[in-house]
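Residue-level structural notes
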Amino acid sequence: MKFALFCKDKSGALPIRKANRDAHLSYIDDSGVVDQAGPFLDEAGEMCGSLVILNVDTMDAAQAWASNDPYAKAGLFESVSIQAWKKVIGA
């Protein structure tokens, strides 16, 4: 089952994002459950949040993945919303 994570960064938290980016990307690679991911961008083109599409069995698994993300552990996010998602179009 697929779950979409919508993560909004705290205001002024770009240095936290940059300092934890390598750990976050390693976590994505190592977990093996991320289908798609990428940052949201603000008007200046700076990263200000994340969209992550997970392929896990349950909402609990999605929440556990989100909680263990190095970005979350570093306190980057103002909010995280997780929603079950059905892929209809795209490769």
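Whatever comes next refers back to the structure up there.
Residues numbered from 1 in each chain as written. Predicted model: local features only at pLDDT ≥ 70, side-chain atom pairs only at ≥ 80, totals over all residues. Heavy atoms only, no water.

A short note on the nonpolar core
Selection criterion: Put simply, buried Ala, Val, Leu, Ile, Met, Phe, Trp, Tyr and Cys residues joined by side-chain atoms within 4.5 Å make one nonpolar core. Remark: exposure states derive from per-residue accessible area (1.4 Å probe, protein chains only) relative to the maximum for the residue type, with buried under 20%, exposed over 50%, and partly exposed in between. Only DSSP runs of H or I with at least four residues qualify as helices, and only runs of E with at least two residues qualify as strands; both kinds are numbered from the N terminus onward. For this analysis, residues touch if any pair of their heavy atoms sits within 4.5 Å.
Counting residues in hydrophobic clusters, the biggest one holds 17 residues, and the most contacted among them are L5, V34, V52, L54, A62, W65 and I82. Listing elements by their share of this core, those giving two or more residues are β1 (2–9), α1 (14–31), β3 (47–55), α2 (59–68) and β4 (77–85). Beyond its immediate sequence surroundings of up to four residues, V34 is in contact with I28, V52, I53, L54 and W65.

A word on the sheet that holds β4
As a reminder of what qualifies: When DSSP finds at least two bridges between two strands, those strands are taken to pair. Note on geometry: axes are lines fitted to C-alpha atoms, helical ones only across the stretch in contact, with angles between N-to-C directions running from 0 to 180 degrees.
An order of β2-β3-β1-β4 is seen for the four strands of this open sheet, with the pairing classed as antiparallel. What marks the edges here is a single partner per strand, and that holds for β2 (34–41) and β4. Each neighbouring strand pair of the sheet contributes to a mean axis angle of 15°, computed without reference to strand direction. Across seven bridges, β1 lies against β3 in antiparallel orientation. Of the residues in β3, the one forming a bridge with K8 is G49. Docked against the sheet, α1 engages β1, β2, β3 and β4, running at close to 10° with respect to β3.

Quick word on the packing of α1 against α2
When two helices pack together, their arrangement is given by the angle between the helix axes and the distance between those axes. What counts is decided by this rule: In this classification, the charged set is Asp, Glu, Lys and Arg, the nonpolar set is Ala, Val, Leu, Ile, Met, Phe, Trp, Tyr, Cys and Pro, and all remaining amino acids, among them Gly, are polar.
At a minimum axis separation of 11 Å, α1 and α2 run at an interaxial angle of 150°. Judged by residue contacts, Y27, I28 and S31 of α1 engage A64, W65 and N68 from α2. Considering only residue class, the contact of α1 with α2 consists of four nonpolar, two polar and no charged.

What to know about the packing of aromatic side chains
What counts here: The rule is short: rings of Phe, Tyr and Trp, with Trp giving its six-membered ring, pair when the centres are within 6.5 Å, and they are stacked under 30 degrees, edge-to-face over 60, tilted in between.
Summed over the entire model, instances satisfying the criterion amount to two aromatic pairs. Between Y71 and F77 the ring centres are 6.1 Å apart and the planes differ by 85°, which places this aromatic pair in the edge-to-face class. Accessibility assignment for this pair places Y71 and F77 in one class, buried.

Some words on the environment of K87
By the element assignment, K87 lies in the segment after β4. Here K87 falls in the partly exposed class, since its relative accessible area comes to 30%. For the pair K87 and M1, spaced 86 residues apart in sequence, the C-alpha separation works out to 9.7 Å.

Observations regarding the state of the cysteines
Note the cut-off: The disulfide criterion is simple: two cysteine sulfur atoms within 2.5 Å.
Tallying each qualifying case throughout the model produces zero disulfides. A disulfide-free cysteine, C7 has its sulfur positioned 11 Å from the sulfur of C48, the nearest such atom.

A word on the environment of A13
When you line up the elements, A13 lands in the loop between β1 and α1. For A13 and A84, which are 71 residues apart along the polypeptide, the C-alpha to C-alpha distance reads 27 Å.

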